[in-house]
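# Observations on chain architecture
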Amino acid sequence: DTAVSQTPKYLVTQMGNDKSIKCEQNLGHDTMYWYKQDSKKFLKIMFSYNNKELIINETVPNRFSPKSPDKAHLNLHINSLELGDSAVYFCASSQYRGFNQPQHFGDGTRLSIL
Amino acid sequence: AQSVAQPEDQVNVAEGNPLTVKCTYSVSGNPYLFWYVQYPNRGLQFLLKYITGDNLVKGSYGFEAEFNKSQTSFHLKKPSALVSDSALYFCAVRDGNRDDKIIFGKGTRLHILP
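Reading the values: the criteria
- Numbering of residues begins from 1 in every chain and follows the order in which that chain's sequence is written.
- In the order they appear in the text, chains get letters beginning with A and ligands get numbers beginning with 1.
- Per-residue local features of the predicted model are confined to residues with pLDDT of at least 70, and side-chain atom pairs are confined, for both listing and counting, to 80 or more; whole-chain, interface and lining totals are unaffected and use all residues.
- Here the side-chain values reflect all heavy atoms present in the structure, with hydrogen atoms and water set aside.
- Each helix corresponds to a stretch of at least 4 residues labelled H or I by DSSP, and each strand to a stretch of at least 2 residues labelled E; elements are numbered beginning at the N terminus.
- This radius of gyration counts C-alpha atoms alone. The globule rule is 2.2 Å times how many residues there are, raised to the power 0.38.
- Exposed residues in this analysis have more than 50% of their type's maximum accessible area, buried residues have under 20%, and partly exposed residues fall in between, with area computed by a 1.4 Å probe over protein chains only.
- Contact definition: two residues touch when any of their heavy atoms are within 4.5 Å.
- For accessible areas, the Shrake-Rupley method is used with a probe of radius 1.4 Å. Any residue's cover is judged against the shown protein chains and nothing else.
- Two residue types count as positive, namely Lys and Arg, and two as negative, namely Asp and Glu; His and chain ends fall outside the count.
- To locate a charge, the coordinates of NZ of Lys, CZ of Arg, CG of Asp or CD of Glu are taken.
- Residues adjacent in sequence count toward polar contacts only when both atoms are side-chain atoms; beyond that, a polar contact is any pair of N or O atoms within 3.5 Å, and within protein one must be able to donate a hydrogen and the other to accept it.
- A pair of strands counts as paired when DSSP detects no fewer than two bridges linking them.
- Criterion for a disulfide: a pair of cysteine sulfur atoms at a distance within 2.5 Å.
- Here a pair means two rings of Phe, Tyr or Trp (six-membered ring of Trp) with centres within 6.5 Å. Their orientation is stacked below 30 degrees between planes, edge-to-face above 60, and tilted elsewhere.
- The criterion is that NZ of a Lys, or CZ of an Arg, lies within 6 Å of the ring centre and within 35 degrees of the ring normal, and then a charge sits over that ring.

Counting its secondary structure elements, chain A contains zero helices and 11 strands. When the helices and strands of chain A are read in sequence order from the N terminus, they spell out β-β-β-β-β-β-β-β-β-β-β. A compact globule built from 114 residues would reach a C-alpha radius of gyration of about 13 Å, and chain A, at 13 Å, matches this within 12%. Looking at the 114 residues of chain A, the share that counts as buried comes to 46%. Pairs at least 24 residues apart make up 54% of the contacts formed inside chain A by residues separated by at least 6 positions. Total accessible area on chain A is roughly 5700 Å²; 48% of this is exposed by carbon and sulfur atoms. Looking at charge distribution, chain A has the averaged site of its 13 positive side-chain charges lying 3 Å from that of its 11 negative ones.

See below:
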């Protein structure tokens with residue numbers, strides 16, 4: 001059973017389009033995250049939700065909007081895609097009440113903007 | 001502000017030799033330290049963590065890490081490297097006194113030469 005699953009795995013689209021990435025975790029965790037990994041493999045947090053509540057919102061363009069319908073799901077919608085949005089986007093989850101708890105990552109969504 | 005540094009972009013080790021991947025950190029409170037590994041086209045996988053207690057922490061796949069408070073370091077080690085250990089390794093830190101995000105290092109690519 002996949003613990004953190006993301007769809008789609010690959011996303012190729014034109015500049016200016018709107019797209020969504022879905023994430024689901026079956027670990028019963030309270031907290032979920034979105035990370036962006038650039039071409040140099042640098043990993044940066046974008047958002048974090050705890051029990052459907054936004055708790056971390058880094059300096060991310062407002063074209064990016066996370067949505068958490070329940071604590072097992074955290075989706076990422078991106079409007080007006082730009083060339084610089086090309087990256088791998090990772091979803092992750094962890095138990096919130098344990099700040100020392102490790103994060104469990106999905107296998108990523110590779111977004112390519114043409 | 002918290003930060004983490006991985007001074008080596010790449011480490012090359014012959015199979016069977018011991019390996020070390022370096023990490024130093026900076027936090028204002030007590031550090032929570034983590035190591036993750038990333039294989040090609042996969043998400044990050046948790047290896048081990050230091051929260052408190054013994055300075056030598058043992059983790060998955062025979063890896064261990066040594067917490068050194070005076071040197072603010074948390075180097076990853078393994079006594080005998082395997083070719084299958086070749087991957088990208090990330091050190092991460094969280095300030096244990098604050099409800100804040102985890103910060104990842106830029107990653108170190110480990111090449112185990114057969």
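Tracing the backbone through its elements, the reader meets Asp107 of chain A in the loop between strand 10 (104–105) and strand 11 (109–113). In this structure Asp107 of chain A comes out as partly exposed when scored by relative accessible area, which is 28%. Spatially, the C-alpha atoms of Asp107 of chain A and Ala92 of chain A are 9.4 Å apart, while their sequence positions differ by 15 residues. Beyond its immediate sequence surroundings of up to four residues, Asp107 of chain A is in contact with Gln6, Lys9 and Phe90 of chain A together with Asn41, Arg42 and Gly43 of chain B. For Asp107 of chain A, the side chain forms a polar contact with the main-chain nitrogen of Gly43 of chain B, separated by 3.1 Å.

Time to look at the pairing of strand 9 (residues 87–94) of chain A. All names here are of chain A. Counting buried positions along strand 9 gives eight out of eight residues, so the element sits mostly inside the fold. Burial along strand 9 is two-sided: the residues Ala87, Tyr89, Cys91 and Ser93 and Val88, Phe90, Ala92 and Ser94 are all buried. Across seven bridges, the pairing between strand 4 (residues 31–37) and strand 9 is antiparallel. In the sheet register, Tyr35 faces strand 9, and the bridge partner there is Phe90. For strand 9 and strand 11, the ladder comprises three bridges, and the chain directions are antiparallel. Following the sheet pairing, Ala87 is matched in strand 11 by Leu111. Note: strand 9 against strand 10, two bridges, orientation antiparallel. Within strand 10, the residue paired with Ala92 across the bridge is Phe105.

So, on to the state of the cysteines. All names here are of chain A. A complete count under the given rule lists two disulfides over all chains for this structure. The disulfide that involves Cys23 links it to Cys91, with 1.9 Å between the sulfurs. For the disulfide bridge between Cys23 and Cys91, the dihedral angle about the S-S bond is near -80°, and by the sign convention the bridge is left-handed. Within this pair, whereas Cys23 is found in strand 3 (residues 19–25), its partner Cys91 is found in strand 9, the two being separated by 68 residues in sequence. Considered together, Cys23 and Cys91 belong to a single accessibility category, that of buried residues.

The next point concerns the packing of aromatic side chains. Applying the stated rule across the entire model yields 15 aromatic pairs over all chains. Here the aromatic rings of Phe64 of chain A and Tyr89 of chain A are separated by 6.3 Å at their centres, their planes lie at 35°, and the arrangement is tilted. Highlighted residues: Phe64 of chain A in strand 7 (residues 64–70) and Tyr89 of chain A in strand 9, separated in sequence by 25 residues. Across the pair, Tyr89 of chain A and Phe64 of chain A agree in class, each one buried. The interplanar angle of 80° and the centroid separation of 6.1 Å between the aromatic rings of Phe105 of chain A and Phe104 of chain B together place this pair among those described as edge-to-face. In this pair, Phe105 of chain A is assigned in strand 10 and Phe104 of chain B in strand 11 (residues 103–104), connecting two distinct chains. These aromatic residues form a ring-pair network of at least three members: Tyr33, Tyr35, Phe90 and Phe105 of chain A together with Phe34, Tyr36, Phe46, Phe90 and Phe104 of chain B. Between Lys78 of chain B and the ring centre of Phe63 of chain B, over which it is positioned, the NZ or CZ distance is 5.0 Å.

Further remarks concern the side chain of Arg63 of chain A. Residue and element names in this part refer to chain A. You can see Arg63 is positioned in the loop between strand 6 (53–57) and strand 7. Using a relative accessible area of 13% as the deciding quantity, one classes Arg63 as buried. Setting aside chain neighbours within four positions, we find Arg63 in contact with His77, Ile78, Asn79, Ser80, Leu81, Glu82 and Asp85.

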